[in-house]
Amino acid sequence: GWLQNEVALITGGGSGLGLALVERFLKEGASVAVLERSAEKCTDLEQKFDGQVLAIQGDVCSAADNQNAVKATVARFGKLDCFIGNAAVWDHGARLINTSMEQLDKGFDELFAINVKGYLLGAKAAAAELVKSCGSMIFTLSNSAFYAEGGGPLYTASKHAAVGLIRELAFELAPKVRVNGVGPCGMKTDLRGPQALGQQDTRIMDSRSPDAIKAILPLQFFPEPEEFTGPFVLLASRQNNQTLTGVMINADAGLGIRGIRNVAGGLEL
Ligand code: NAD
């Protein structure tokens, strides 16, 4: 495996992409800890991986929970090599005009607290250990970190903010720690929305369909969460990544090279 003897802490590792990362990092030889808000998902993680994964129940919005997660990871595995900020919520595309002032006001605080403050506090909690291990940070972005209409203004702004965080931290933590991002496109996960928008029980596939996602992607398939894990392994791997920092990998099945008149130029090939 590419991550033999490495130790990773993944936020939101209880389902979706985070869970796929847990499985992939284990397969690559890493030891894995997870900071996850859902107690039920934490229990599932401990059971599914036979106690091999350290599941820490907590909220990424809490400074104390982030510090506790790093402490518990180091206590269990002896060090930390890779912090993956991944826990987030979506806004189901709630648009400016169709969303009330009160919902935008409260929704911003709730969504930014998870998607942006959660990444910042996680980075702060992990930084000292990563400096020690000359490790790396990776943050999950989205097509919404680059383009419009992958969400509404709340989600899109939060993922753009994460790009700024990556650039600044990549500068501040060089030369010791590499800091990068991976931006997936749509996939079937448990991704929900903020309570302030009434979306705490609405999952992404309640408002998007596999066919609709597939149709807009130049690579013309609906990716599974595990199909996004390769770039994370690349970025975390010491052998494979000695030179990438401050880099955002668009793992979005080609959205950036979508044509104006055709989604893909080679449909007839
Ligand atoms: P998911 O809901 O399956 O996974 C996110 C996990 O984070 C959940 O287990 C959830 O319980 C946890 N979580 C939420 N808030 C938390 C908090 N405050 N503290 C701790 N844990 C918390 O969704 P996912 O789609 O796997 O999301 C993972 C990442 O992928 C997110 O950053 C998301 O923005 C990004 N992403 C998802 C899609 C998609 O289509 N699903 C597309 C692009 C990017």
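This text gives an overview of the structure that appears in the document. The model shown is predicted, which means the values in this text are computed figures rather than measured ones.

Quick look at the environment of Asp 211
- Relative to the assigned elements, Asp 211 resides in helix H7 (residues 210-216).
- Using a relative accessible area of 61% as the deciding quantity, one classes Asp 211 as exposed.
- Sequence separation between Asp 211 and Val 177 is 34 residues; the distance between their C-alpha atoms is 40 Å.

Observations regarding the site of the ligand
- What surrounds the ligand is a group of 28 residues, the closest being Ser 15, Glu 36, Asn 86, Tyr 155 and Thr 189.
- Asp 59 places a side-chain nitrogen or oxygen 2.8 Å from a nitrogen atom of the ligand.
- In the environment of the ligand, a nitrogen atom lies 2.9 Å from a nitrogen or oxygen atom belonging to the backbone of Val 60.
- Those elements giving two or more residues to the shell around the ligand turn out to be helix H1 (16-27), helix H4 (101-133) and helix H5 (153-173).
- In terms of residue class, the shell around the ligand is made up of 13 nonpolar, nine polar and six charged.

What about the pairing of strand S4 (residues 82-85)?
- Burial along S4 is two-sided: the face carrying Cys 82 and Ile 84 and the face carrying Phe 83 and Gly 85 are both buried.
- Bridge count between strand S1 (residues 7-11) and S4: three bridges; the pairing is parallel. From the neighbouring strand, Leu 9 faces S4, where its bridge partner is Phe 83.
- Looking at chain direction, S4 and strand S5 (residues 136-140) are connected through four bridges and run parallel. Its bridge partner lying in S5, Phe 83 is registered against Met 137.
- Following the chain from S4 across H4 to the adjacent parallel S5, one finds a crossover that is right-handed.

Topic: the nonpolar core
- Among the nonpolar cores identified, the biggest contains 41 residues, and Met 137, Phe 139, Leu 169 and Val 179 are the most heavily contacted of them.
- Those elements that provide at least two residues to this core are S1, strand S2 (31-36), strand S3 (54-57), helix H3 (63-77), H4, S5 and H5.
- No other element matches H4, which puts 11 residues into this core.
- Discounting residues that sit within four places of it in the chain, Val 179 has contacts with Met 137, Phe 139, Ile 166, Leu 169, Ala 170, Leu 173, Thr 245, Gly 246 and Val 247.
- Phe 228, Val 233, Ala 236 and Ala 253 belong to the second largest nonpolar core, which has 38 residues in total.

Focus: the pairing of strand S6 (residues 178-184)
- The element S6 is largely enclosed, with a buried count of seven among its seven residues.
- Of the two faces of S6, both are covered, the one formed by Arg 178, Asn 180, Val 182 and Pro 184 as well as the one formed by Val 179, Gly 181 and Gly 183.
- Direction of pairing for S5 relative to S6: parallel, over a ladder of five bridges. The residue of S6 that forms the bridge with Ile 138 is Asn 180.
- Running through H5, the crossover from S5 to the neighbouring parallel element S6 is right-handed.
- The pairing of S6 with strand S7 (residues 248-251) spans four bridges and is parallel. Bridging across to S7, Val 182 finds its partner in Ile 249.

Some details on unusual backbone geometry
- Ala 174 connects to Pro 175 through a cis peptide bond whose omega is 10°.
- Inspection of the secondary structure assignment puts Pro 175 in the loop between H5 and S6.
- The phi dihedral of Asn 5 falls on the positive side, at around 65°, and the residue is not glycine.
- Its place among the elements puts Asn 5 in the segment before S1.
- Since its relative accessible area comes to 60%, Asn 5 is described here as exposed.
- Phi angles above zero are rare outside glycine, and Glu 149 is one such case at about 70°.
- Following the sequence through the fold, Glu 149 ends up in the loop between S5 and H5.
- Residue classification places Glu 149 among the exposed positions, given a relative accessible area of 64%.

Rules used in this analysis
- Residues numbered from 1 in each chain as written.
- Predicted model: local features only at pLDDT ≥ 70, side-chain atom pairs only at ≥ 80, totals over all residues.
- Heavy atoms only, no water.
- Helix = DSSP H or I, 4+ residues; strand = E, 2+ residues; numbered from the N terminus.
- Buried < 20%, exposed > 50% of the residue type's maximum accessible area, 1.4 Å probe, protein only.
- Near = heavy atom within 4 Å.
- Polar contact = N/O pair within 3.5 Å; in protein donor to acceptor, adjacent residues only side chain to side chain.
- Nonpolar A, V, L, I, M, F, W, Y, C, P; charged D, E, K, R; others polar.
- Pairing = 2+ DSSP bridges.
- Right-handed = clockwise from strand over helix to strand, strands pointing away.
- Core = buried A, V, L, I, M, F, W, Y, C linked by side-chain atoms within 4.5 Å.
- Contact = heavy atoms within 4.5 Å.

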